[in-house]
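# Fold and geometry: a report
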Amino acid sequence: MATWQPDIAPLVGRIPRLHYLFKALGDGLHADVGVTASMRTVMTSIAGEGARTVPDLARERSVSRQHVQEVVNALVESGLAQTGPNPAHRRSPLIDLTDEGRHRLRLLRERETAMLAETAPAISHAELAAATRLFDLLERDLAARVAEAGGRA
């Protein structure tokens, strides 16, 4: 007996559009703070997991080390991040946020929370829970497939 298989292609096709809309909104929301969406992403990762190397940050995002290095360079030049010694690898320093970087990240999160609160009333608890479950399932499946293929995930 055949089971119903959803066609998730239309949903998946909307993810890049949502990503770019959030990016554009964030870039506009934070223009006066001097933090781009890419910078914010790296800052959030460091704040959540602690100091890490550029290759570590690139692997987490499945992006090139060169891209992450450019973002880290911008963060360091802006005084939002700093490099430090890495006991595990002399040529790959640990990247950490400065006090100013942590302060600006808190500001960004406060602004985003306020902006998203304006959208939240239109979304029910059940819809949010269902969407979260769906994205969890997709992320787990895709990460497993990427790991199986020997790629980054």
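Summarised in this report is the structure supplied together with it. (Residues numbered from 1 in each chain as written. Predicted model: local features only at pLDDT ≥ 70, side-chain atom pairs only at ≥ 80, totals over all residues. Heavy atoms only, no water.)

## So, the overall build of the chain
Within the chain, the regular secondary structure consists of six helices and two strands. The linear arrangement of helices and strands in the chain, starting from the amino end, is α-α-α-α-β-β-α-α. The C-alpha extent of the chain, read off along each of the three principal axes, is 60 × 40 × 20 Å. The buried share among the 153 residues of the chain stands at 21%. Within the chain, counting contacts between residues at least 6 apart in sequence, those at least 24 apart form 53% of the total. Each charge class in the chain was averaged separately, 19 positive and 19 negative side chains, and the resulting centres sit 4 Å apart. (Helix = DSSP H or I, 4+ residues; strand = E, 2+ residues; numbered from the N terminus. Buried < 20%, exposed > 50% of the residue type's maximum accessible area, 1.4 Å probe, protein only. Contact = heavy atoms within 4.5 Å. Lys, Arg positive; Asp, Glu negative; His and termini not counted. Charge placed at Lys NZ, Arg CZ, Asp CG, Glu CD.)

## Things to note about the pattern of salt bridges
Any two side chains of opposite charge can pair if their charged atoms end up close together. Summed over the entire model, instances satisfying the criterion amount to eight salt bridges. For Arg-40, the salt bridge is made with Glu-112, and the minimal N-O distance between the two is 2.5 Å. Of this pair, Arg-40 sits in helix 2 (residues 37–49) while Glu-112 sits in helix 5 (residues 99–119), placing them 72 residues apart in sequence. Residue Glu-112 is classed as buried on the basis of its relative accessible area of 14%. Across the pair Arg-102 and Asp-96 runs a salt bridge whose closest N-O atoms are separated by 3.0 Å. Owing to a relative accessible area of 23%, Asp-96 belongs among the partly exposed residues under this scheme. (Salt bridge = Lys/Arg side-chain N within 4 Å of Asp/Glu carboxyl O.)

## Some points on the packing of helix 2 against helix 5
One way to put it is that helix 2 packs onto helix 5 with a least axis distance of 11 Å and a crossing angle of 110 degrees. The orientation of helix 2 with respect to helix 5, classified from their angle, is roughly perpendicular. Counted together, Arg-40, Met-43, Thr-44 and Ala-47 of helix 2 and Gly-101, Arg-102, Leu-105, Leu-108, Arg-109 and Glu-112 of helix 5 form the full contact between these two elements. When grouped by side-chain class, the residues that make up the contact of helix 2 with helix 5 number four nonpolar, two polar and four charged. (Axes fitted to C-alpha atoms, helices over the stretch in contact; angles between N-to-C directions. Parallel < 35°, antiparallel > 145°, perpendicular 65-115°, else oblique. Nonpolar A, V, L, I, M, F, W, Y, C, P; charged D, E, K, R; others polar.)

## So, a nonpolar patch on the surface
Taken together, the side chains of Ile-8, Leu-11, Val-12, Ile-15, Leu-134 and Phe-135 present a nonpolar region at the surface, about 430 Å² in accessible area. Those elements that place two or more of their residues in the nonpolar patch are helix 1 (9–29) and helix 6 (125–148). Ranked by residue count, the leading element in the nonpolar patch is helix 1, at three residues. Mapped onto the fold, Ile-15 is located in helix 1. (Patch = residues over 30% accessible without salt bridge, like charges linked within 9 Å, V, L, I, M, F, W, Y side chains within 5 Å. Areas by Shrake-Rupley, 256 points an atom, 1.4 Å probe, with all protein chains shown as cover.)

## Focus on the environment of Arg-91
Here Arg-91 lies in the loop between strand 1 (81–84) and strand 2 (94–97). Note: C-alpha distance between Arg-91 and Thr-53 (38 residues apart in sequence) is 10.0 Å.

## Some points on the packing of helix 3 (residues 54–61) against helix 4 (residues 65–77)
Contact geometry of helix 3 with helix 4 gives a least axis separation of 8 Å together with a crossing angle of 120 degrees. Regarding the angle of helix 3 to helix 4, the classification is oblique. Between helix 3 and helix 4 lies a crossing whose hand is right-handed. Residue-level inspection shows Val-54, Pro-55, Leu-57 and Ala-58 of helix 3 in contact with helix 4, the latter providing Arg-65, Val-68, Gln-69 and Val-72. Within the contact of helix 3 with helix 4, the residues separate by chemical class into six nonpolar, one polar and one charged. (Left-handed = near helix turned anticlockwise from the far one by under 90°.)

## A few points about the side chain of Asn-86
Mapped onto the elements of the fold, Asn-86 is located in the loop between strand 1 and strand 2. Here Ala-88 takes part through its backbone nitrogen, which lies 2.9 Å from a polar atom of the side chain of Asn-86. A polar contact is formed between the side chain of Asn-86 and the backbone oxygen of Ser-92, at a distance of 2.8 Å. Sequence-distant contacts of Asn-86, that is, excluding residues within four places in its chain, are made with Thr-53, Ser-92, Pro-93 and Leu-94. (Polar contact = N/O pair within 3.5 Å; in protein donor to acceptor, adjacent residues only side chain to side chain.)

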